[in-house]
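Summary of the model geometry
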Amino acid sequence: MSSRASARWIALLAAAALAGASGLALQVILASSAALPLGHGTGPALALTLFLSAWALGAWFAGRFAQRPRVVLVFAGAGLALFAVPAVFGVLYAGPVFALVAIAVVAGLQGTFLPLLARGQSARIVAPLVAANLLGAWAGAGWIADGLVASHGRGIAAAAAGACAVLVGFLGLVAASKEPGAQGCQTPCTDDGAGAAPAGAADDGARCLTPLSTALVIGLGTAWMGGVEWSLVRLGALWFGGMQDALTAVLTASLAGLALGAALLPAILPRGARGVSIGLLLCAVASLWILVVDRVLPGVSGQPLAVRALVLCVPAMLPFGALVPLVHRAMRGESGRRLGALYLHEVWGALLGIPLVQLVLAPHIGLAGGVAVLCASGAIAALSLSTSARIASLAAVGVALLAAFVLTRAMPPAMKSPPLSNPALTVRSFVEDHDFAVTVVDDGLLGERTLLTDGFRAAGTGRDYRYMRVLGHLPVLLHPDPKRVAVLALGTGTTVGAVSLHPDVERIDVLEISRAVVEAAPLFAEHNRGALAEGLPGLLDADDGHGRVVVKLGDGRKTLRDSPATYDVVTMEPLLPDSPFGVHLYTEEAYADVRLALRPGGIACQWVPPHALEPATYEAVVVAFGRAFPGAYVFVSGTQVILVSSRTDEPPGAERFSRSTGDLAVELTALGIGTPADLAARQVARIGSSLYAPRLLTDRDPWIAYRPRRTGAQLLLDLPSNLPSGPGTTSGDLRWTAVAGDAGIAASSLREARRSHAWLEAGLRGAECPGGETASSLRGALSKSLAEAAAFAPEDPELREFRGEVVFLEDLRSGVAALAADPSKDAAITALDPLTGAAQARPERADVHAYVAAALSRLGSPAADKALDFALERCPRLAETDVGRRAHDLGLSDEQWKRVTLAALLARSRVDDSGR
């Protein structure tokens, strides 16, 4: 190859790579932005489907009609450079119609690149071009759509993607063919690069694909690939967490798998229909990877996230990357036109695949069932090849149908992920809908029922969730006449249940994106007070005329935007602010939508988790609320921050406390907000009207979702760093006749005690506390603050609960430490008193009863069996947990351990049977 030819070859591959980088970066940015005008859940899926379809149409048009490829490449690159940034901002702010048009235009221009680069090229060039394009897409997803958005926001990232498009046009001037290439390049499917069939080839035409076979293989193959990729995204959220870094890792790893397939398989598989049939067979085998990957991922659990994502995605996606190159070389005609024709069939494949799996199949038959249906569709594609490659085709059909059968019979892959296969959990309900895998579990070790969304502990019944009741009561108490209330994010329904206790409230609208979460509400009836007992579908009928509680399924922010001046109170507890699905409910623009939905004098209430956010992120969230609602109040319930503000500057009143009777009065007293003074004591600050943060949190710059999350003991430092301090406010701030008084002093001391305790817990787990504080000094500060709080409000329920938690932890740790220090009976006697105290304080926890059983067993007491029965009743698979194994080491007898292991075997067999 001459130096000039080599330069053209390098420029061609570079252009293909830059086209992929630009295309996928804009695809990801636009799809994530489309959640705002089109709604979360369906919005990104619709945007992705539209992008792929318009991209394929652009590719088909370029392959068929563009007669001057170099000119079109330059104009397409320039057009993207000029339109990329306006398109992104238009999607964010110009409404749904412009959003759809902008996505289609950008995608159509992007689609022209690859067929034009392939014009006039040999068929064997296409596989490297596709591989380079996919590798470029991998870089675009990681470096532009993730890295640049994280550091500079969506606008700068879109500009970078447009710059890549300009470079594609420039390189196209060097690399692309000057001629249309449609004439004189009618190579057979066995093209070897020179237009002649290989020596010894017999009946070349018989090995080529018919138009019908081409359509079915590419269209159904695209749908199949989309379904498998969607299943990997869902599994990635379960195995790696649902944060942005995990989603990016899965996306880039999927692209790496496709690129490897495009680069490797065409070089080793036969040409023509036989090679395509074998490719489909390999796709069927690869689809089964989601059933066995749980046996491989634990072996790489210590590796970086990128490595784990490659293990998850590459084996499943690799064969699909080869389909386009395999089919392309099994067609007749000019190379670029062939490629454009193939991408035309990707239009209907894209329209079919992801929406079918996400919106239809997964909610009804699960992810594995959805992939099974697509395997069966792959069998149809393989069967269409039987006239050209009978044996290979029938083999592919058989393997695809067998894969479909296995997938339908297997346990849902999600159930094998770490969050759901945790032996401490007993699954009460499992539903895969179009947004999440929603699971209700009983945690035997902690003694609480929990709602999991894609493995994340969204809500539960434990003591840590008492603030959810305050989220319902606080804003309703502050409003003088609350008639209509919106609760954004249902969870367990605890907040809805709290609001339902207020007789003044006539209507409660629940804004929830997941139907499966709504259907799980009866499992938490004790905590949501049966407020959703009307059940589905009645709850979903906004005009049923008699329901007090109405569920509005869909994106809650969009519902608020479409409901101007509707609500007296909007109280919100969505997913974590730094999650990719939750961040757009914490931006300045999101709160502008909340203001729009409030009636005059209406009140907005927002939960902020100081324990789960690093200080910079916490500050950005609070500042965003304060900029939208100047003068907002900051309340603290337990360790959780609640931001409250009125749409107007009307003072909150105290008269509604006097109307609180019955269950409502009991509930408020139990929460420590039974009087105006108690409530004032929980208010620690007002957010000033002139706020500043180093980087504002907006829709165009949702940067907190892209920050890498810290791990390990360092996470425990966030709570004491973020927890507000200071005394409770007086009537001058809240404009009440009552003052916080002693309750305010007690609440302030309690917050200081929580801070000292949090530092102490972080230090015990290995974190280095700032300021050089020692465990001894922190314990002294904790004791002093608790004593001060008790001196001013000895009956405060928050104080009693926190002191009980401190004593429980001390008893549990000292008892276990005594057992671990010495195997003698004397050590067991020393451990027994604190462990018994811990068991009495937390009788619902299996771990405490297991340790009590270990101490009693070491003493030879028959009471050990009773304590062990308590533990196994709460956690049947105790033997598979670290707690169970440790209890065995600390004193459980061999006979008792046999009971524990047998109980685990029986429980596991029930889980396996129910999973199938």
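Rules used throughout
- Residues numbered from 1 in each chain as written.
- Predicted model: local features only at pLDDT ≥ 70, side-chain atom pairs only at ≥ 80, totals over all residues.
- Heavy atoms only, no water.
- Buried < 20%, exposed > 50% of the residue type's maximum accessible area, 1.4 Å probe, protein only.
- Helix = DSSP H or I, 4+ residues; strand = E, 2+ residues; numbered from the N terminus.
- Pairing = 2+ DSSP bridges.
- Right-handed = clockwise from strand over helix to strand, strands pointing away.
- Axes fitted to C-alpha atoms, helices over the stretch in contact; angles between N-to-C directions.
- Contact = heavy atoms within 4.5 Å.
- Phe/Tyr/Trp six-rings, centres within 6.5 Å; stacked < 30°, edge-to-face > 60°.
- Lys NZ or Arg CZ within 6 Å of the ring centre and 35° of its normal.

1. Brief notes about the pairing of strand β6 (residues 507-512)
Sheet faces and side chains relate simply in a regular strand, where the side chains alternate between the two faces. Counting buried residues along β6, 6 of its 6 residues qualify, which places the element largely inside the surrounding structure. With burial as the criterion, each face of β6 is covered, one bearing R507, D509 and L511 and the other bearing I508, V510 and E512. One ladder, built from 5 bridges, connects strand β5 (residues 484-488) with β6; its direction is parallel. Within β6, the position partnered with V487 by the bridge is V510. A crossover connection joins β5 to the parallel β6 through helix α19 (residues 494-500); in handedness this β-α-β unit is right-handed.

2. So, unusual backbone geometry
Located in the positive-phi region is D454, a residue other than glycine, with phi close to 50°. On the secondary structure map, D454 appears in the loop between β3 (448-453) and β4 (456-460). Given the relative accessible area of 11%, D454 is considered buried. Of note in this structure, A489 is not a glycine but carries a positive phi near 85°. By the secondary structure assignment, A489 is in the loop between β5 and α19. Judged by its relative accessible area of 18%, A489 falls in the buried class.

3. Some thoughts on the sheet that holds strand β7 (residues 549-553)
The strand order across the open sheet built from 8 strands is β7-β6-β5-β8-β9-β11-β10-β12, with neighbouring strands paired in mixed fashion. Whereas interior strands pair on both sides, the edge strands pair on one side only; in this sheet they are β7 and β12 (683-686). This sheet shows a mean twist of 20° between the axes of neighbouring strands, independent of strand direction. Along the sheet, helix α24 (residues 615-628) contacts β9 (598-608) and β11 (640-646); its crossing angle with β11, the most-contacted strand, is approximately 15°.

4. Quick word on the side chain of S53
Structurally, S53 can be placed in helix α3 (residues 42-65). Setting aside anything within four residues of it in sequence, one finds S53 in contact with V347, A350 and L351.

5. Points about the packing of aromatic side chains
A full pass over the atoms with the stated rule returns 9 aromatic pairs. Each ring, one from W138 and one from W143, has its centre 6.2 Å from the other, and the planes form 55°; the classification is tilted. Residue classification places W138 among the partly exposed residues on the basis of a relative accessible area of 36%. Among the residues examined, W143 registers a relative accessible area of 62% and is labelled exposed. Between Y591 and F625, the aromatic rings sit 5.0 Å apart at their centres with planes inclined by 80°, giving edge-to-face as the arrangement. Taken together, the positions of Y591 in helix α23 (residues 588-597) and F625 in helix α24 put the pair 34 residues apart, joining distant regions of the chain. The exposure class assigned to Y591 is buried, which follows from its relative accessible area of 0%. Of the residues examined, F625 reaches a relative accessible area of 0% and is grouped as buried. The side chain of R842 reaches across the aromatic face of F808, ending 5.0 Å from its centre.

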